[in-house]
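Spelled out from the first residue to the last, the chains are:
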Amino acid sequence: MSKTVTIDPVTRIEGHAKITIMMNDDGTVDEARLHITQFRGFERICEGRPFYEMPSLMARICGICPVSHLVASAKACDALLAVAVPETGARLRRIMNLAQIVQSHSLSFFHLSAPDLLLGMDASPASRNIMALVSSHPQAAKDGIALRRFGQHIIELLGGKRIHPAWIVPGGVSAPLTQEHRDEILATIPEAMEAVQRTLAWFKPSLKKFREEIGVFANFPTLLMGLVTPSGDLEHYDGRLRFAKPDGTPRMEDVAPERFNEFIGEAVEDWTYLKFPYFLQDGYPDGIYRVGPLARLNMVGRCGTPLADAELEEYRQLSVEERMSSFHYHWARLIEVLYGIERIKEIVSDPDILDTHVRAHAEPNRSEGIGVSEAPRGTLMHHYKIDENGLITWSNLIIATGHNNLAMNKGITQAAKHYISGFDIPEPLLNRVEAVIRTYDPCLSCSTHAFGQMPIRMQMVDSKGMVVKEVSRQ
Amino acid sequence: MSKAKVATIWLDGCSGCHMSFLDLDERLIELSEKMDLVYSPLVDFKEFPEDVDVTLVEGSVSNEGDLHKILQVRERSRILVSLGDCAVTGNVPGMRNAIGVEPLFTRAYNQNVTLHPQKPHGAVPALLDTVKPVHQVVPVDVIVAGCPPSASTIYYVVSELLAGRLPELETHTRFGA
Ligand code: SF4
């Protein structure tokens, strides 16, 4: 790994995210900050547009999880219409949502994180990508490509297009599932199932290589948040909103997700475009909480499908303290992939899924609508207001990655404190700090803009605000 | 034969064009025999290399960081491809041009806020007054419309360019969809 160390101050900002490490005079780390550097203003650009354009427009927030935005946006529009989506329509939406969770988790696990997991955090940068894994770990690379394809293929079969399908619409979905496509989905299940089970089999034993990382990768207690079924099980499409304590027990009674505003506030810091949602009752920044696969699996009763429940039970052998490490997002992601495949099979196998009544039609009946669903990275909230012509007058979005903003910052601070002492930035820190952020699989296209492996640039700043060192890796 | 050097960058887009590239699935393995991905959000190199054969650009030019980057990338790329409607027309990011920058900030950081309403600045790149498609900022060699262009289109474009031909795009692309 080659790196350049400069002590020049940064004269321009490059890349989509950067990290500043604030030092105390005695050479200890005070705080580390993740700056998100892109901003697009969706909450304002939709103003004046007809509400029925919103799902397609809002999907363009993110090409990694467009289906999440389709779902949350269409649900907000359902609320504007004040209609109940026909049962089959809702279940078809569920399938697409699960297919997307499978493909997006696979992208995060295989394409972005597997190189670190398989080769170690200190491997050469040239070997740390999915194309290079094709030759060094062909089976893992193939499984990753196959699992991502599994999800994307189902999205295409349902919606006619892999990215930005326009099929989820206010009131339901625009076309039913054909028998031919149903059979095609069923035929792809076994290959996907084998791929994820093969992956769990190598991943779980490999965890013992990462004891140090597990200890300091954002390993601290926080509240957890996400949707659950009425009986408290895993849920990604509908259900109740739960706030849970670190051990997973509910912090308060589960509430209707439309009431999220009563419990979540949003704070702004002037050094990043990503806002900081927090749990209002605990104030800012104490109201830190986490969302996404780790939060979901730490707080639900069960998954509700046999194989995923067996895996969940094994995962739960970890102590509550260990389960607070964001490193375990990876494991949680694989269990959700397994769950998604099982659940898709179950829903698709029901003959009613071919029912052709999949959309309710209505004019708008309410001036305000809220839609909440679980995106791969956590809970997604869309809130719209319209005028008497159905044109949007205001919108607010809270995006999955935003919820994790406080925890991501606290996480890199923890890792920086562990790996840094004195005004030297030790080499292994660079990739590890990135890797802490990567565990959250932050979708910054969602929050503000995209990033996979960001062009990281770290600055060390002394107590007077002077830049003492800058490091970037090439 | 030495492998071609290919890069991909994202400016102001949704990453959907990159995801469409990944939708090549197994064809990625085939392409990896003909080309090296020398810079991309998907690989771990942090500096844009000096002599790239083909660069695919997703997204429009929206902030100072994008502007700086596209100028450098143009200089270092033999063939520059505008990939997807955001790069080609401004598309969704360009919707803000009719509104201006300030109202966007007011909505996001003053109105929809519980605590510390304020505009982020300084440590983050400033937005340009207007969003521009790539060809309004630097010369572009190939334009590929679509939101996003399909994986097959991307495969065709890359394969033709690697074979030293300019792709014929009339029948392969359309805006939107
Ligand atoms: S063209 Fe479409 S898919 Fe590509 S970045 Fe823009 S919005 Fe996303």
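Since this is a predicted model, take the numbers as computed values, not measurements.

Draft legend 1. A look at the overall build of chain A. In terms of helices and strands, chain A carries 16 helices and 15 strands. Taking 474 residues into account, the globule formula puts the C-alpha radius of gyration at 23 Å, and chain A, at 22 Å, falls close to it. Across its three principal directions, the C-alpha atoms of chain A cover 65 × 50 × 40 Å. Taken over 474 residues, chain A has a buried fraction of 67%. The long-range fraction of contacts in chain A, counting pairs at least 24 apart against all pairs at least 6 apart in sequence, stands at 71%. Each charge class in chain A was averaged separately, 50 positive and 58 negative side chains, and the resulting centres sit 3 Å apart.

Draft legend 2. Structural context of the side chain of Ser395(A). Tracing the backbone through its elements, the reader meets Ser395(A) in strand β13 (residues 392–398). From its side chain, Ser395(A) meets the backbone oxygen of Glu43(A) in a polar contact 3.1 Å long. Leave out the neighbours within four places in its chain, and Ser395(A) touches Phe42(A), Glu43(A), Cys46(A), Met58(A), His383(A), Tyr384(A), Arg107(B) and Asn112(B).

Draft legend 3. Representation of the site of the ligand in the model. Neighbouring residues of the ligand: 14 residues in total, closest Cys14(B), Cys17(B), Asp85(B), Cys86(B) and Cys147(B). Residues near the ligand are shared among chains A and B, making this a multi-chain site. Every element with two or more residues in the shell around the ligand is listed here: α1 (16–22) and α4 (85–89) of chain B. In the shell around the ligand, the residues fall into five nonpolar, six polar and three charged.

Draft legend 4. Fine view of the interface of chain B and chain A. At the interface, 59 residues of chain B touch 72 residues of chain A. In total, chain B and chain A occlude about 5,900 Å² of area from one another, counting both sides; carbon and sulfur atoms represent 59% of this. For the pair chain B and chain A, the number of links is six salt bridges. Ionic pairing is found between Asp12(B) and Arg40(A), a salt bridge with its closest N-O pair at 3.6 Å. For the side of chain B that touches chain A, the secondary-structure elements that each account for two or more residues are α1, α2 (27–34), β2 (35–39), α3 (64–76) and α5 (101–111) of chain B.

Draft legend 5. Highlighting helix α14 (residues 405–419) of chain A. Residues and elements named next belong to chain A. Counted at 1.5 Å a residue, the expected span for α14 with its 15 residues is 21 Å, and the 21 Å between its end C-alpha atoms agrees. The buried fraction of α14 is high, at 11 of 15 residues. Looking at α14, one finds that the buried residues are Asn 405, Leu 406, Ala 407, Met 408, Asn 409, Gly 411, Ile 412, Thr 413, Ala 415, Ala 416 and Tyr 419.

Draft legend 6. Main features of the sheet that holds strand β7 (residues 240–244) of chain A. Residue and element names in this part refer to chain A. If you trace the three strands from one edge of the open sheet to the other, you get β7-β6-β10, paired in mixed fashion. The sheet is open, and its two edges are formed by β7 and β10 (289–290), each paired on a single side. Here five bridges tie strand β6 (residues 223–228) to β7, and the two strands are oriented antiparallel to one another. The residue bridging Met 225 from the neighbouring strand is Phe 243, located in β7.

Draft legend 7. Broad picture of the sheet that holds strand β7 (residues 142–144) of chain B. Residue and element names in this part refer to chain B. Taken together, the five strands give an open sheet; going across it, the order is β2-β1-β3-β5-β7, and neighbouring strands pair in parallel fashion. A single partner strand is all that each edge strand has here, and the edge strands are β2 and β7. Averaged over all adjacent pairs, the angle separating strand axes in this sheet is 25 degrees, with direction ignored. Two elements, strand β1 (residues 4–10) and β2, share four bridges in a ladder whose sense is parallel.

Draft legend 8. Structural view of helix α10 (residues 306–315) of chain A. All names here are of chain A. Restricting attention to buried positions, one finds in α10 the residues Ala 308, Asp 309, Glu 311, Leu 312 and Tyr 315. Relative to the axis of α10, the buried residues are bounded by an arc of 160 degrees and lie together on one face. Among the exposed residues of α10, those pointing more than 90 degrees away from its buried face are Pro 306 and Glu 313.

Draft legend 9. A look at the side chain of Asp66(B). Take Asp66(B): it is sitting in helix α3. At 6.9 Å, Arg96(B) is the nearest oppositely charged side chain to Asp66(B), a buried residue that forms no salt bridge. Setting aside residues up to four positions removed in sequence, Asp66(B) forms contacts with Gln38(A), Leu11(B), Asp12(B), Ser60(B) and Val61(B).

Draft legend 10. Up close: the packing of aromatic side chains. Evaluation of the coordinates by the stated rule reveals 20 aromatic pairs over all chains. When the ring of Tyr315(A) is compared with that of Trp331(A), the centres are 5.3 Å apart and the planes differ by 85 degrees; the resulting orientation is edge-to-face. Taken together, the residues Tyr315(A) in helix α10 and Trp331(A) in helix α12 (residues 329–349) connect sequence positions 16 residues apart. Summarising the burial analysis for this pair, Tyr315(A) and Trp331(A) share the class buried. Through a chain of ring-to-ring contacts, three or more aromatic side chains come together here, namely Phe39(A), Tyr273(A), Phe105(B) and Tyr109(B). Residue placement shows Arg27(B) over the ring face of Tyr155(B); its charged tip is 5.0 Å from the ring centre.

Draft legend 11. Layout of the pairing of β13(A). Residues and elements named next belong to chain A. Across the seven residues that make up β13, a large majority, six, are buried. Summarising the sheet, strand β12 (residues 378–386) and β13 pair through six bridges and their orientation is antiparallel. Counted as the bridge partner of Met 381 is Ile 398 from β13. The turn joining β12 and β13, which pair antiparallel and follow one another in sequence, is formed by five residues; a positive phi near 80 degrees is taken by Gly 390.

Draft legend 12. Structural view of the confidence of the model for chain B. In this model, chain B carries an average pLDDT of 90, and 98% of its residues clear a pLDDT of 70 or more. For this predicted complex, the interface confidence comes out at an ipTM of 0.92, alongside a pTM of 0.91.

Draft legend 13. Quick look at the nonpolar core. Grouped together as the largest cluster of nonpolar side chains are 102 residues, with contacts concentrated most on Ile21(A), Leu92(A), Ile95(A), Ile168(A), Ile341(A) and Ile344(A). Per-element accounting of this core gives the leading share, 12 residues, to α12(A). Counting 75 residues, the second-largest nonpolar core is a separate cluster that includes Cys46(A), Leu397(A), Leu31(B) and Tyr155(B).

Draft legend 14. Spatial organisation of the packing of helix α7 (residues 179–206) of chain A against α12(A). Residues and elements named next belong to chain A. Their axes nearest at 10 Å, the elements α7 and α12 cross at an angle of 160 degrees. As the angle between them shows, α7 and α12 are arranged roughly antiparallel. In this structure, α7 meets α12 at a crossing whose hand is left-handed. In this structure, α7 contributes Arg 182, Ile 185, Leu 186, Ile 189, Ala 192, Met 193, Val 196, Gln 197, Thr 199, Leu 200, Phe 203 and Lys 204 to the contact, and α12 contributes His 330, Trp 331, Leu 334, Val 337, Leu 338, Ile 341, Glu 342, Ile 344, Lys 345, Val 348 and Ser 349.

Scoring rules and cut-offs
Residues numbered from 1 in each chain as written. Chains lettered and ligands numbered in written order. Predicted model: local features only at pLDDT ≥ 70, side-chain atom pairs only at ≥ 80, totals over all residues. Heavy atoms only, no water. Helix = DSSP H or I, 4+ residues; strand = E, 2+ residues; numbered from the N terminus. Rg over C-alpha atoms; globule rule 2.2 N^0.38 Å. Buried < 20%, exposed > 50% of the residue type's maximum accessible area, 1.4 Å probe, protein only. Contact = heavy atoms within 4.5 Å. Lys, Arg positive; Asp, Glu negative; His and termini not counted. Charge placed at Lys NZ, Arg CZ, Asp CG, Glu CD. Polar contact = N/O pair within 3.5 Å; in protein donor to acceptor, adjacent residues only side chain to side chain. Near = heavy atom within 4 Å. Nonpolar A, V, L, I, M, F, W, Y, C, P; charged D, E, K, R; others polar. Buried area = accessible area lost by both parts, 1.4 Å probe. Salt bridge = Lys/Arg side-chain N within 4 Å of Asp/Glu carboxyl O. Expected span 1.5 Å × (residues − 1). Pairing = 2+ DSSP bridges. Axes fitted to C-alpha atoms, helices over the stretch in contact; angles between N-to-C directions. Arc of directions from axis to C-beta. Phe/Tyr/Trp six-rings, centres within 6.5 Å; stacked < 30°, edge-to-face > 60°. Lys NZ or Arg CZ within 6 Å of the ring centre and 35° of its normal. pLDDT = per-residue confidence, 0-100. Core = buried A, V, L, I, M, F, W, Y, C linked by side-chain atoms within 4.5 Å. Parallel < 35°, antiparallel > 145°, perpendicular 65-115°, else oblique. Left-handed = near helix turned anticlockwise from the far one by under 90°.

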